[in-house]
Structures are given as C-alpha cells and as structure tokens.
Amino acid sequence: MPGETPPNVSEDCLYLNIWSTAQGAHKHLPVIVWIYGGGFRNGAASMPLYWGDRLARDGLVVVTIAYRLGPLGFLALPELTRESPEHSSGNYGLMDQVAALKWIQRNISAFGGDPRRVTIAGQSSGAMSVSVLMASPRARGLFERAIGESGGLFEPLQLAPSYLLANAEHDGKTYVASLGVTSLEELRRLPAARLLGGGNAGGVTHPVIEPYLLPTSPYEAFASGQQNDVPLLIGSNAEEARSLTDVTHTTAVTFAADIERSFGQLPPAIVAAYPHATDAEAQKARLNLEGDLRFGWDMWTWARLQAATGRSPVYYYSFRRRPPFPVGSVYEGWGASHFAELWYVFDHLNQTPWRWSAADRRLARTISHYWSNFARSGDPNGRGLTPWPPFTNTTARVLYLGDSVTVSEVPSLDNLTALDGIYTAVRGKPIGER
C-alpha cells in the first residue's frame, strides 16, 4: 500500500496467519480467508490493515494467506509446460492459493474454525483471484461463499490475448531473454532478486488460461454455469481511479494518447464514450473511464452472470464514503478510491490517527457486520442493518455504503452500458451467451 513500510521480501513466503478467539478446537466458527491485492506483483499477508483481530471478535476465524507474485508466481514457458504432468505453466501463485485452502480444510478446526463454512475474500487482484477460484475446478469444494472487492476477470479475451497459454509462454520467453539465460537450469540458478528485476518482469504478472487450474476464462465458466456456485458479495468504489492515476498532466489534446499508453489500443468507441473536449473534462473522463474499465464493468458483469446462471444469490455494493485522508499525506485527494473501503471492512480506523468521525465509525461497524453475517450464513442481512436485497437481472439493486446506507441503482450505468455494447461487439455475442 502507498505509505506503508515495505515488508521483508523472500522466496520463503508461503505462510498464513490466523486470528481466532476460540478457546479450543471444534467451535465451528465461520472462516474468512483473505487474499491480498497488489496487481499480482506486490502485496503481503502480514500488512497490518489486513489483521483479523476486529473481525475475530465478531465470532469469526480470519486467515490471511500468502502466494507467490510476479515471475515467481506467474511465469509461463514452453519448457515448463513440457515438463509439467498437467501440461501447463504460469499459475503458480494461484496454485499457492488452492494449496492454502486445502491446508485450511485439513487444519482450521484446530483453531475453532468450521471447514464447511469458508468464505474466500479479496480486494483488487485478490478479488480477481476470487473470480478465478470460482471458475477453477481445482478449487471446487474448498469454500462455500465468496467476496470480491474491486476486481474481476471478465473482459473479452480478444482484448487480453496475453492471458492465453501460448501467448503467455511467448511473453515468458521474452522475459527470460532479458535475463541473459538460455535454459531452465540457468534460470533456476539465478537469485530471486535477479528474477524480479528482469527487464520484462512487469509483463509476467497475470493469470493464464491453461489446462490444469484455469481451463476456461472466468467469463466462460460463469456464462456456461460451470462456476463454483456459492453465495457472492461483490462491489466497487465510487472513485476507484483517484488513488491509481495522476491526471494533473491530462489534457483534451493528450487524452487518447494517454489512454493508449496505459491500456494499449482500445476500440475508438470506448474513448468516444467519455467526452473530453476541455482539459477539465479530460481529467474527469480519464478517472471515470479508468474506474469503469478496470473495476465497475467487471463487478457489474460478475453480478449479472452469477444472477443469470447461478442458483446462489449475489449481493452488490457501491462504496461511496470519503475517508478523512490527511492533507499533505500520500492519500490526499483519494476520496472513495481504490483501497478506501479496507479500513472499514476490517474495522481498523484506529490503526491511523486521522480525524475519523462518528459517522465513519458507524459505517465501519456496519460494513464489518455485513461481511461477518455473510461469512456466517451467505446472507449479509442482520438485526439493525439496512436491508440489502439480492441483485437480480430484473431488479438490479445495489447497496450504497456512504454517508448513509441506502439501496439504489447500478452506479454509472450509462457508461457501463456503453462499454458493454463495445465488449459485446468485440466478443461477437451478448453477455452470457455462449
């Protein structure tokens, strides 16, 4: 996280942390398993913001798990595929997540947890991981509920061809060439720091569609009803891009070029859907486009797919509260941005000496109660909470978590609909149609 002290970095990283108030085994408490974000290239299970102490007091067992990142977690190579009994490579970080979930199934009862009530939860690339685990046959039966905050993998593969195994292997070869080695033996002899510093290391940081762990994309798995069908709680934040994108130099003239540098060449209709005639419009459009493109559309689509093909309910939220990020800090001006909900989800306002209001503290308890209730039963509703209706494709209701808690429509629906039309044209068929 920006502003956080970097943790120690090591290949010896596959640990997990457990918080439990159970005074002995076999208490059968619900379990939340947290998967950290960081773009599949950074992040740590040890970060204080993710500590489960407050949620554990609500009668949960909280587990944070580590997984390999960057090239150590996602390198695909033809040589690795050939030597694999599964005829695949590239998803080692996701295999770590599955291994952790299997460990939890075997061992969590010793900490008072119920292996039959496991909720996987994550934010950003952690939420992308949740979408992958729901699509993966290797994760079937390892969890009973899922929470995804601001992240999912549902865009057309035509716009993300590097996710296909053959293309990921090609990118892997380019990365290995940047290290100056010519064989797996040489590659394995390199120190981890050299691997992470390779010239193309930043391009080896995403899941791969391959035969073993992810034989089909999350979109195709959900569209065909093959997902691990469990109750789902998902959403995104009202100002996602403010913590991720510096728009101070964005102008009307440079708008299209800036977008192409960040995302590659997008269909012109996507850029045209966000008016940018003036510099002020261009800055607003850049933030809105980035938020919708990277987060809003994925969450809306995830909700629609689960509502269409799943038997289990989906609950959809929009986080809209602007935390009191201090002037002069790295967080200044973030608003309700990417990351902003985490202080409330974990009820960790006291970790930072900011000017939290009584309304902030009420919202933190409200959100943490919704999440805890969901982990218990698959339904976030409970006494004293604003009723949260399931999302359906006929009613499409969303819980707004802001200065007040209300139920409303899907936010930014016009822009999301414009993106949806373009993605439909790229895919060649309407959403959900195989």
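Remember, it's a predicted structure, so these values are computed and weren't measured experimentally.

Q: Mind showing me how you'd approach empty space enclosed by the protein here?
A: Over the atoms a probe the size of a water molecule is rolled, and this reveals where empty space is left. Inspection of the entire model under this criterion finds 2 cavities of 30 Å³ or more. One number sums up the size of the largest cavity: a volume of about 60 Å³. Around the largest cavity sit Ile32, Trp34, Leu55, Val62, Ala121, Glu149, Val345, Phe346 and Trp371, which together line it. Volume-wise, the second largest cavity comes out at about 50 Å³. In this structure, the second largest cavity is lined by Phe74, Ala76, Ala168, Asp171, Gly172, Gly203, Val204, Thr205, His206 and Val208. Tallying contributions element by element places helix α6 (residues 165-179) first for the lining of the second largest cavity, with 3 residues. Looking at the lining of the second largest cavity, its residues break down into 5 nonpolar, 4 polar and 1 charged.

Q: Quick question: what am I supposed to make of the pattern of salt bridges here?
A: Proximity of charged atoms lets side chains of opposite charge pair with each other. One pass over the full model with this rule turns up 15 salt bridges. For Glu239, the salt bridge goes to Arg242, with nearest N and O atoms at 3.1 Å. The exposure class assigned to Glu239 is buried, which follows from its relative accessible area of 15%. Taking the shortest distance from any N to any O, the salt bridge between Arg261 and Asp258 comes out at 2.3 Å. Of the two residues, Arg261 and Asp258 both sit in helix α10 (residues 255-263), 3 residues apart, roughly one turn of that helix. On the accessibility criterion, Arg261 (63% relative accessible area) is exposed. The structure contains a network of salt bridges with shared partners spanning Arg54, Asp58, Asp347 and Arg365.

Q: What am I meant to see in the pairing of strand β6 (residues 232-237) here?
A: Each regular strand displays side chains that alternate between the two surfaces of the sheet. In terms of burial, β6 is a largely internal element, 6 of the 6 residues being buried. Covered by surrounding structure in β6 are Leu232, Ile234 and Ser236 together with Leu233, Gly235 and Asn237, the residues of both alternating faces. For strand β5 (residues 145-149) and β6, the ladder comprises 4 bridges, and the chain directions are parallel. Counted as the bridge partner of Ala146 is Leu232 from β6. Inspection of the sheet shows β6 paired to strand β7 (residues 314-319) by 6 bridges, in the parallel sense.

Q: What exactly am I supposed to notice about α10 here?
A: An α-helical segment advances 3.6 residues per turn. Residues three or four places apart therefore align on the same side. Of the residues making up α10, those classed as buried are Phe255, Asp258 and Ile259. Along the long axis of α10, the arc covered by the buried residues comes to 100°, so they all point the same way. Residues of α10 that are buried make contact with α11 (268-272) and α12 (279-309). Just beyond α10, the residue with positive phi is Gly264, at close to 80°.

Q: I tried to follow the sheet that holds strand β8 (residues 398-401) on my own but got confused; where do I start?
A: Sheet strands associate in pairs through backbone hydrogen bonding, adopting either a parallel or an antiparallel arrangement. On the basis of which strands lie adjacent, the open sheet formed by 9 strands has the order β1-β3-β2-β4-β5-β6-β7-β8-β9 and mixed pairing. On the outer flanks of this sheet lie β1 (16-19) and β9 (405-408), each paired with one strand and no other. With strand direction ignored, the average angle separating the axes of adjacent strands in the sheet is 20°. The sheet strands contacting helix α5 (residues 125-135) are β2 (29-35), β4 (113-123), β5 and β6, and the helix crosses β4 at an angle near 130°.

Calculation notes
Residues numbered from 1 in each chain as written. Predicted model: local features only at pLDDT ≥ 70, side-chain atom pairs only at ≥ 80, totals over all residues. Heavy atoms only, no water. 1 Å grid on protein atoms, 1.4 Å probe; cavity = no way out; pocket = protein on both sides within 12 Å on 5 of 7 lines; lining within 4 Å. Points joined across faces, edges and corners; volume = space filled by probe spheres on them. Helix = DSSP H or I, 4+ residues; strand = E, 2+ residues; numbered from the N terminus. Nonpolar A, V, L, I, M, F, W, Y, C, P; charged D, E, K, R; others polar. Salt bridge = Lys/Arg side-chain N within 4 Å of Asp/Glu carboxyl O. Buried < 20%, exposed > 50% of the residue type's maximum accessible area, 1.4 Å probe, protein only. Pairing = 2+ DSSP bridges. Arc of directions from axis to C-beta. Contact = heavy atoms within 4.5 Å. Axes fitted to C-alpha atoms, helices over the stretch in contact; angles between N-to-C directions.

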